[in-house]
There are 2 protein chains.
Amino acid sequence: MKFSQLFLPVLKEDPAEAQVVSHKLLVRAGMIRQVTSGVYNWLPFGLQVLRKVENIVREEMNRAGAQEVLMPMVQPAELWQETGRWQKYGAELLRFTDRHEHESCLGPTHEEIVTDLFRRNVYSYKQLPLNVYQIQTKFRDEIRPRFGLMRGREFMMKDAYSFDENKKSALESYATMRDAYHRIFKRLELDYRMVLADSGSIGGDHSNEFHVLAATGEDDLLFDPNGDYAVNVEKHDAENCPVAEDQLEKAKGIEVGHIFYLGTVYTDPMEVKIQGQEGNLQPVHMGCYGIGVSRIVAAAIEQNHDEHGIIWPMALAPYHVGIIDLRPDDEACKQAAEKTIAALSEKGLTYAHDDRAEKPGAKFATMDLIGLPWQCTLGPRELADGLVEWKNRRTGERTKLAVGELPAELSNAMAVAA
Amino acid sequence: MKFSQLFLPVLKEDPAEAQVVSHKLLVRAGMIRQVTSGVYNWLPFGLQVLRKVENIVREEMNRAGAQEVLMPMVQPAELWQETGRWQKYGAELLRFTDRHEHESCLGPTHEEIVTDLFRRNVYSYKQLPLNVYQIQTKFRDEIRPRFGLMRGREFMMKDAYSFDENKKSALESYATMRDAYHRIFKRLELDYRMVLADSGSIGGDHSNEFHVLAATGEDDLLFDPNGDYAVNVEKHDAENCPVAEDQLEKAKGIEVGHIFYLGTVYTDPMEVKIQGQEGNLQPVHMGCYGIGVSRIVAAAIEQNHDEHGIIWPMALAPYHVGIIDLRPDDEACKQAAEKTIAALSEKGLTYAHDDRAEKPGAKFATMDLIGLPWQCTLGPRELADGLVEWKNRRTGERTKLAVGELPAELSNAMAVAA
């Protein structure tokens, strides 16, 4: 992709409304633009990253045997009344009436919809276990939307729902999802922790959160560096902690995933029964499993940045390499760009080519800001010796290589990821 | 994919609420389920088809140089007030107030949002032409939602918006989109017509519609079978028609695409100016380009079905081949299934394997209903001679082939598509 053809409005200054670094950098790097409080446009560069997250989540959900569906954003009040959440859910649930005066809401979550879908279409234990998921735009009318994508009103979630014939089987479904989440966060190349968590307002009696570690995280986590114990302080109970208090380490986390065993919290009020193995009618045990897809984009930046801008992990980078072309009108630079692009394409690596007529300083600053993992600078002086300069955005390490040669670490990156 | 693991609730009977064949078959084939009037769940089988349409549209939009963005579903009233549409747009625009009493609406279209995005980020003719698009859930509060996906309230659209420095360039952008639309509908393998159309409420003075031809279409089209003239009757003007009236043929169409040259209908009231080539501030010319992604799924069925069910074109089929396993517990059937699956996978063909313990009649009926383009039946009798039976769902033609051999037409299908 050429910069001259890309809608990438980068900014030199931090936007006045942004308080946290991810919000500042998302706006400055031309990834998002605010439409109204807590509601954003995703620009091409930002959407590329969102899709990378989405695809990794989708692949691992499919691998774990979950089936993708798409439920609606607009939901009828009747289903929420059945579970009592129409009354209980706070003002975050955006309620409205349509032209026929039917009460409806914008879905912040889909337990009611999916449970209704289940009870109308599944009748027997033979059809279980069932796990369906969607990746979808959700709305929660936050009282004080803030921190950009970290606490927006319209956002993208992956939400999955499992149905089982008993608690034992439901806990197996839960374990399958927990394992899938570990694979997802490893593939996203983020430093994360799974911790014990409160079940909160969703209900149920078993739950874990997944946090991206970052100094700016809103949650306090405690974990045993030598063992498995890890907990959100909200859930921490010094009396029952298996580790001595002074052995626990502290960390700040950004919650990006939450999994729950729900039991029959939704299926009981909605009167969902299936035929069991002995022909009897029996209750159905649910689990629900969320991932904040758009929040992960922000959390990744909170964890991966420096004073010059974003530093994308390879798995999330909108493009793997930025080509900084110091003289796009120069014949040697033109040929070097072509040769570099051919070498990248052969390895399945993607690039963004800064072919604009800008000063070198501006080009270097932009490329550092948008954070592609590798930079390749083409200039007439080095090209006279047949060389180009590569820079690893994270380490800052620079190497001069022959035109068309790739740094070994980059060259091997796709093979490692596959 | 195995039927025993797929959430595919097929129905023997037509749903009472369905009037048109696509609605009946979408529900019976386990593709969609209604949540509330005009609002549907997409089940795994239906979502697969929706994604096929989405991917073809995305690939051709990218090829045409358009850049993908994602704008919000919730939109602030202020922008709609600038263009006057907050007042002019009828009750189809679902308006509501959020918890802070801000007036908002659910987006049925995004001219205001994209024009605002443009004016805040693009300042010079050097950044043009620009074409951005999204594939997104939209909401229109239809007074009488009907015909399933044909006239729903929540639906999926591709909407694109072009920005140019003058009318000449804008009409070139329009032509690029028109060509992209022809490629899209050819790749979707649908019988369609592009016709001249009224610009309607969106404004502007140049527009074409794309219709999928189907006996059940709501629009009347007239076209010259020997020439290029084709028109929606709404737009037909006998006085100025270049062809003798009696040479025109009639057809029924389902509108699935609409492209407009908008001129400055939105940029004028929203006061959008860019710096022109002479340093002057000048107006910006827009075009907008819609495709009804979810409606295409219904239109494809209206055009491709028989009394037994759906007949998917290869490009839209959720899976290319249905394997009807008459005795999933039989060792010969098991081996034949494995060999057939291996042969399909080698060619990049996908399959759904009916491995359920059902009677043959039910299996044949289900496979005809869901409409996969090819069926392969495995039964002990033919397998004693090393044979399986292949059926082309569209022609009904049957052939007996050795296990693991594919019909030539199927075997070549992917090479042709690529």
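So, here is what we can say about the structure in this document. (Residues numbered from 1 in each chain as written. Chains lettered and ligands numbered in written order. Predicted model: local features only at pLDDT ≥ 70, side-chain atom pairs only at ≥ 80, totals over all residues. Heavy atoms only, no water.)

**Here's the deal with the pattern of salt bridges**
Side chains carrying opposite charge are able to pair once their charged atoms draw close together. The cut-off we apply is this: A carboxyl oxygen of Asp or Glu within 4 Å of a side-chain nitrogen of Lys or Arg is what we treat as a salt bridge. Only runs of H or I of at least four residues qualify as helices and only runs of E of at least two qualify as strands under DSSP, and these elements are numbered from the N terminus. A 1.4 Å probe rolled over the protein chains alone gives each residue an accessible area, and that area as a share of the maximum for its type sets the label: buried under 20%, exposed over 50%, partly exposed in between.
Across all of its chains, the model carries 67 salt bridges over all chains by this definition. Across the salt bridge formed by Lys-168 of chain B and Glu-172 of chain B, the nearest N and O atoms sit 3.4 Å from each other. A residue pair is termed a helical-turn pair when its members lie 3 or 4 positions apart in one helix, as Lys-168 of chain B and Glu-172 of chain B do in helix H6 (residues 167-187) at four residues. Linking Asp-329 of chain B and Arg-327 of chain B is a salt bridge whose minimum nitrogen-to-oxygen distance equals 3.7 Å. By relative accessible area, which is 60% here, Asp-329 of chain B ends up exposed. By relative accessible area, which is 39% here, Arg-327 of chain B ends up partly exposed. Connected via shared salt-bridge partners are Arg-51, Glu-54, Arg-58 and Glu-68 of chain A together with Arg-51, Glu-54, Arg-58 and Glu-68 of chain B.

**Here we look at the sheet that holds strand E20 (residues 351-354) of chain B**
Residues and elements named next belong to chain B. For the record, the criterion: Should DSSP find at least two bridges between two strands, the strands are taken to pair. An axis is simply a line fitted to the C-alpha atoms; with a helix, the fit covers only the stretch in contact. Between two such axes, the angle follows the N-to-C directions and lies from 0 to 180 degrees. It only takes one pair of heavy atoms within 4.5 Å for two residues to be counted as in contact.
The mixed open sheet is built from five strands, whose spatial order is E20-E19-E21-E22-E23. Whereas interior strands pair on both sides, the edge strands pair on one side only; in this sheet they are E20 and strand E23 (398-402). Pairs of neighbouring strands in the sheet enclose a mean axial angle of 25 degrees, with direction left out of account. The pairing of strand E22 (residues 387-392) with E23 spans five bridges and is antiparallel. Paired with Trp-390 across the two strands is Thr-399, which belongs to E23. Contacting strand E19 (321-325), E20, strand E21 (374-378) and E22, helix H8 (residues 331-346) crosses the sheet at an angle of about 170 degrees to E19. Contacts between helix H9 (residues 360-370) and the sheet are confined to E19, E20, E21 and E22, with E19 contributing the most and set at about 175 degrees to the helix.

**With respect to the relation of the copies chain A and chain B**
This is how the line gets drawn: For this overlay, a least-squares fit was computed on C-alpha atoms, restricted to residues scoring pLDDT of at least 70 in both copies.
Rotating chain A by 180 degrees about the axis while translating it 0.0 Å along that axis superimposes it on chain B, leaving an RMSD of 0.0 Å. Given the turn and translation reported, the copies of this chain are related as if by a two-fold rotation axis. In terms of proximity to the rotation axis, the leading residue of chain A is Phe-96 of chain A, whose C-alpha is 3.0 Å off the axis.

**Focus on helix H8 (residues 331-346) of chain A**
Residue and element names in this part refer to chain A. Stated formally: Under the convention used throughout, the expected extent of a helix is 1.5 Å for every residue step, that is, one less than its residue count. Taking the helix axis as origin, the arc is that swept by the directions to the C-beta atoms. Whenever two N or O atoms come within 3.5 Å, that pair is a polar contact, provided that in protein one can donate a hydrogen and the other can accept it, and provided that, for residues adjacent in sequence, both atoms are side-chain atoms.
Taking 1.5 Å of rise per residue, 16 residues should cover 22 Å, and H8 covers 23 Å from first to last C-alpha, within 8% of that figure. Residues of H8 that are buried: Cys-333, Ala-336, Ala-337, Thr-340, Ile-341, Ala-343 and Leu-344. What you see down the axis of H8 is that its buried residues fit within an arc of 160 degrees, all on one side. Counted as exposed and oriented over 90 degrees from the buried face of H8: Glu-338 and Glu-346. Of the surrounding elements, those touching the buried residues of H8 are strand E19 (321-325), strand E20 (351-354), strand E21 (374-378), helix H10 (380-383), strand E22 (387-392) and helix H11 (408-411). For H8, the capping residue at the N-terminal end is Asp-330, with a side-chain oxygen 2.9 Å from the backbone nitrogen of Ala-332. At the exit of H8 stands Gly-348, carrying a positive phi of roughly 75 degrees.

**Here we look at the sheet that holds E20 of chain A**
All names here are of chain A. Here five strands make up an open sheet; going across it, the order is E20-E19-E21-E22-E23 and the pairing mixed. If you trace the sheet from one side to the other, it starts and ends with E20 and strand E23 (398-402), each paired once. Neighbour to neighbour, the strand axes of the sheet diverge by 25 degrees on average, direction disregarded. Across the face of the sheet, H8 comes into contact with E19, E20, E21 and E22 while running at roughly 170 degrees to E19. Of the strands in this sheet, E19, E20, E21 and E22 are in contact with helix H9 (residues 360-370), which crosses E19 at around 175 degrees.

**Some details on unusual backbone geometry**
Residues and elements named next belong to chain A. Across the junction of Leu-128 and Pro-129, the peptide omega takes the value -5 degrees, indicating a cis bond. Here Pro-129 is to be found in the loop between helix H5 (111-121) and strand E7 (130-139). Its identity as a non-glycine residue notwithstanding, Glu-189 has a phi of 60 degrees, on the positive side. Mapped onto the elements of the fold, Glu-189 is located in the loop between helix H6 (167-187) and strand E9 (192-196). Residues other than glycine seldom take positive phi values, yet Glu-271 does so here, at roughly 55 degrees. Locating Glu-271 in the fold gives a position in the loop between strand E13 (249-263) and strand E14 (273-275).

**Details of the nonpolar core**
Counted only if it meets this: Residue types Ala, Val, Leu, Ile, Met, Phe, Trp, Tyr and Cys, when buried and joined through side-chain atoms within 4.5 Å, form a set referred to as a nonpolar core.
Judged by nonpolar contacts, the single largest core of 68 residues is most densely connected at Met-31, Phe-185, Leu-188, Val-297 and Trp-312 of chain B. No other element matches the eight residues that helix H2 (residues 44-63) of chain B contributes to this core. Aside from chain neighbours lying at most four places away, what touches Phe-185 of chain B is Leu-190, Tyr-192, Phe-210, Val-256, Ile-291 and Ile-296 of chain B. Core analysis: the next-biggest nonpolar cluster, separate from the first, contains 66 residues, Ile-32, Phe-45, Leu-149 and Ala-299 of chain A among them.

**What about helix H7 (residues 293-303) of chain B?**
A turn of α-helix holds 3.6 residues, and therefore any two residues three or four places apart point the same way. H7 of chain B sits mainly inside the fold: 10 of its 11 residues count as buried. Among all positions in H7 of chain B, only Val-293, Ser-294, Arg-295, Ile-296, Val-297, Ala-298, Ala-299, Ala-300, Ile-301 and Glu-302 of chain B are buried.

**A few points about the pairing of E13 of chain A**
Residues and elements named next belong to chain A. Among the 15 residues of E13, 11 are classified as buried, and the element is accordingly described as predominantly covered. Pairing of strand E11 (residues 219-223) with E13, which is carried by five bridges, proceeds in the antiparallel orientation. Considered in E13, the bridge of Leu-221 is made with Ala-251. Relative to strand E16 (residues 285-292), E13 is paired through six bridges, and the arrangement is antiparallel. Counterpart to His-258 in the pairing with E16 is Gly-290.

**Points about the side chain of Ser-411 of chain B**
All names here are of chain B. Tracing the backbone shows Ser-411 in helix H11 (residues 408-411). Under the relative-accessibility criterion, Ser-411 is labelled buried at 19%. Aside from chain neighbours lying at most four places away, what touches Ser-411 is Lys-347 and Leu-406.

Nothing here speaks to function; it is all geometry.
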